Amino acid sequence: MREVEMTVPHLFRCPISLDLFTDPVTLCTGQTYDRSSIEKWLAAGNLTCPVTMQKLHDPSLVPNHNLRHLIQQWRQMEHRFGPDYFTAIDPLVSFKHCLQSPQSNFQEKLEALQKIQLLTDQTPSTNPFLIQIGFLPLLLQLIFQMVDPEFSQDYMNFVEQGLTCVLKLLPYGELESLNMLKQESKLESLVVLFEHGSIMMKQSLCHLVGVISSSSSTKELCAMIGKHPRFLNLIVCVVNQNNEASETGIKAISALCCLESNRGKLVQQGLIDALVTYILNSERSLAAMAMAILEQVLGIERAKEALIKNPNGVKAVVKMVFRVSDHEGSESAVNSLMMVCRESLEAREKAIVAGVLTQLLLLLQSQCNGRTKTKATTLLKLL
């Protein structure tokens, strides 16, 4: 028995009992324990994580299926893994301990993340190991648990690198980890990071919002983000800025619009004016996506009014009816014009002044699909 115990990998031992895991569960801090051991700890009135000593805002115990499966494999192989496994896993466990340690400063944590990034770039097969040892919830916890009010350079660098690692791990992990952002304090941290962070941080957070909005397991979180007016205003403002974050802002807004309840809230925060500015600002790469978003929200009366009221609103849509470079966005533009022109003489007059008749004739002579041509013909008759 002693020999068997000595061969149990450190990763497979509960930090409390030091015995082989039988029912591994993970706390919100990203630390894994055996269920019986952590339940005794909590039942004794402890409200912290035994290893990190962080206060548990969420006492839920999430089964660590990846680690359980790994232990089963280890047992089936008679307690042996190939040397490559431990060559990969040992430094990762060491890096995790550095990230968890309250004694590690932001610079030391950043160096650990950079080494992880280098290791995963050189050996992509390392990513599943990171998931198995609980890196994803740990990183989310570190990034969103407490914002440095001074936004020191070391802190900014750490958050930028941390978000990069999170986005890289999400395809391998369980997206339920993101639901820790439903905690009011962590959601507020996300908003503060977006408000005061660098362009790179804004881009990463936009990508994160896109992931949240695309999964059924985080649908409730998507709705919570949609009810946060300050965040919606910030993301709409990003679209107005002529920088690298504008593109990721458009993608995030498109994802948020998957919930009808979010669309009206975005319109209230000035979405229409932002989309108009984006579309008119030269040949933006995601102009067609912006046009599709506009079409999607025009079912809201307030959105129609905002488009007509904007001096360049109808003009922006007319511009998208026909573009020499491609027909992407043409159908959305035609549909949008039909929605606003059907009941508004002002919209029809603005469309004609903006050259919609010429645009429609060019579209009808182009190689666009038959459905778009049919709608273009209907719009011509309406005008």
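Note on numbering: residues in each chain are counted from 1, in written sequence order. Totals for whole chains, interfaces and linings use every residue, but because this is a predicted model, local features are given only for residues with pLDDT of at least 70 and side-chain atom pairs only at 80 or more, for both listing and counting. By convention in this description, side-chain values take in all heavy atoms of the structure and omit both hydrogens and water.

Honestly, the confidence of the model for the protein in this entry has me stumped. Any pointers?
Reading fine detail from the predicted coordinates is not recommended where pLDDT is low. A score between 0 and 100, pLDDT records how confident the predictor is in each residue. When pLDDT is averaged along the protein, the result is 87; 93% of the residues meet or exceed 70. We call two residues contacting when some pair of their heavy atoms lies within 4.5 Å. Ignoring residues within four places in sequence, the model shows residues 1-6, a span with pLDDT below 50, making three contacts including any to other chains.

Whenever I open this one, the nonpolar core confuses me. Can you help?
Across soluble globular proteins, nonpolar side chains have a tendency to be buried as a group. To define a nonpolar core, start from buried Ala, Val, Leu, Ile, Met, Phe, Trp, Tyr and Cys residues and group those joined through side-chain atoms within 4.5 Å. The buried label applies to any residue whose accessible area, calculated with a 1.4 Å probe on protein chains only, is under 20% of its type's maximum; exposed applies above 50%, and partly exposed to all values in between. If you look at the biggest cluster of nonpolar residues, it comprises 121 residues, and the most contacted ones within it are L99, F144, L193, I235 and L337. Discounting residues that sit within four places of it in the chain, I235 has contacts with F194, C206, G249, A252, I253, L256 and L266.

So what exactly am I meant to see when it comes to the sheet that holds strand 2 (residues 32-34) here?
Each strand in a sheet pairs with its neighbour through backbone hydrogen bonds, running either in the same direction (parallel) or in the opposite one (antiparallel). Pairing between two strands requires that DSSP report at least two bridges joining them. Working definition: helices are DSSP H or I runs of at least four residues, strands are E runs of at least two. Numbering for both runs from the N terminus. Judged by pairing direction, the sheet is antiparallel, and its three strands sit side by side in the order 2-1-3 without closing on themselves. A strand with exactly one partner marks an edge of an open sheet, and here the two such strands are strand 2 and strand 3 (62-63). Pairing between strand 1 (residues 24-26) and strand 3: two bridges, direction antiparallel. Residue V25 lies in a different strand from strand 3, and its bridge partner there is P63. Interaxial angles span 0 to 180 degrees and are taken between N-to-C directions of axes, which are lines fitted to C-alpha atoms, for helices over the stretch in contact. Along the sheet face, helix 2 (residues 35-43) touches strand 1, strand 2 and strand 3 and points at about 95 degrees away from the line of strand 2.

Help me understand the packing of aromatic side chains in this model?
Within a pair of aromatic rings, the relevant descriptors are the distance that separates the centres and the angle that separates the planes. Working definition: a ring pair exists when centres of Phe, Tyr or Trp rings (six-membered ring for Trp) sit within 6.5 Å. Plane angles under 30 degrees give stacked, over 60 give edge-to-face, the rest tilted. Scanning all chains against the criterion turns up four aromatic pairs. Judged by centre distance (5.7 Å) and plane angle (40 degrees), the ring pair of F106 and F158 falls under tilted. Here F106 is found in helix 5 (residues 106-122), whereas its partner F158 is found in helix 8 (residues 153-169), with 52 residues between them in sequence. Taking relative accessible area as the criterion, F158 reaches 1% and is therefore assigned buried. Taken together, the aromatic side chains of F106, F151, Y155 and F158 make up a single cluster linked through ring pairs.

Sorry, what's going on with the packing of helix 10 (residues 199-214) against helix 13 (residues 245-256) here?
Helices that pack against each other are described as a pair by the angle of their axes relative to one another and the distance between those axes. At a minimum axis distance of 8 Å, the contact between helix 10 and helix 13 shows a crossing angle of 20 degrees. With respect to each other, helix 10 and helix 13 are oriented roughly parallel. Handedness of the crossing formed by helix 10 with helix 13: left-handed. Contact residues: helix 10 offers I199, K202, Q203, C206, H207, V209, G210 and S213, while helix 13 offers A245, T248, G249, A252, A255 and L256. Split into classes, the residues belonging to the contact of helix 10 with helix 13 amount to seven nonpolar, six polar and one charged. Should an angle fall under 35 degrees it is taken as roughly parallel, and over 145 as roughly antiparallel, whereas 65 to 115 is taken as roughly perpendicular and any remaining angle as oblique. By the definition used in this description, the sense in which the near helix is turned from the far one sets the handedness, with an anticlockwise turn below a right angle giving left-handed and a clockwise turn giving right-handed. Residues are grouped as follows: nonpolar covers Ala, Val, Leu, Ile, Met, Phe, Trp, Tyr, Cys and Pro; charged covers Asp, Glu, Lys and Arg; every other residue, Gly included, is treated as polar.

What's the story with the pattern of salt bridges in this structure? I'm lost.
Note on pairing: side chains with opposite charge can pair once their charged atoms come close. Whenever a carboxyl oxygen of Asp or Glu lies within 4 Å of a side-chain nitrogen of Lys or Arg, that contact is scored as a salt bridge. Summed over the entire model, instances satisfying the criterion amount to ten salt bridges. One salt bridge in this structure joins R35 and E39, with 3.8 Å as the shortest N-O distance. Pair noted here: R35 and E39 are both in helix 2, with a separation of four residues, about one helical turn. Taking relative accessible area as the criterion, E39 reaches 38% and is therefore assigned partly exposed. The partner of K375 in a salt bridge is E331, and the shortest N-O contact between them spans 2.9 Å. Taken together, the residues span a long stretch of sequence, with K375 in helix 22 (residues 370-382) and E331 in helix 19 (residues 330-341) at a distance of 44 residues. Sharing partners across several salt bridges, the network here consists of D23, R35, E39 and R68.

What is the right way to look at the packing of helix 13 against helix 16 (residues 287-297) in this model?
In the contact formed by helix 13 and helix 16, the axes pass within 10 Å of each other and the chain directions differ by 30 degrees. Viewed along their axes, helix 13 and helix 16 adopt a mutual orientation that is roughly parallel. In this structure, helix 13 crosses over helix 16, and the sense of that crossing is left-handed. Across the interface between the two elements, I250, K251, I253 and S254 of helix 13 pack against M289, A290 and I293 of helix 16. Split by residue class, the contact of helix 13 with helix 16 holds five nonpolar, one polar and one charged.

How should I be thinking about the side chain of S104 in this particular structure?
Inspection of the secondary structure puts S104 in the loop between helix 4 (83-100) and helix 5. Among the polar contacts listed, one links the side chain of S104 to the backbone oxygen of C98, at a separation of 2.8 Å. If we skip the residues at most four places from it in the chain, S104 touches C98 and K109. Pairing of N or O atoms within 3.5 Å defines a polar contact, subject to two protein rules: one partner must be a possible hydrogen donor and the other a possible acceptor, and residues neighboring in sequence count only if both atoms are side-chain atoms.

Would you mind showing me how to read unusual backbone geometry here?
Trans peptide bonds make up most of the peptide bonds, and negative phi angles are found at most residues other than glycine. Positive phi values are uncommon outside glycine, yet M53 reaches one of about 60 degrees. The residue M53 is located in the loop between helix 2 and strand 3 in this model. One non-glycine residue, F151, lies in positive phi territory at about 50 degrees. Checked against the element boundaries, F151 lands in the loop between helix 7 (135-144) and helix 8. The class of F151 is buried, set by a relative accessible area of 17%.

It is not clear to me how the environment of N281 should be interpreted in this structure. Could you clarify?
Within the element layout of this structure, N281 appears in the loop between helix 15 (271-280) and helix 16. Along the backbone, N281 and N240 are 41 residues apart, and their C-alpha atoms lie at a distance of 9.6 Å.

It is not clear to me how the side chain of D34 should be interpreted in this structure. Could you clarify?
Checked against the element boundaries, D34 lands in strand 2. For the buried residue D34, which engages in no salt bridge, the nearest side chain bearing the opposite charge is R68, 7.3 Å off. A polar atom in the side chain of D34 sits 2.7 Å from the backbone nitrogen of T22. D34 has contacts with C14, F21, T22, D23, P24 and V25, leaving out every residue within four places of it along the chain. Positive residues here are Lys and Arg, negative ones are Asp and Glu, while His and the chain termini are left out of the count.

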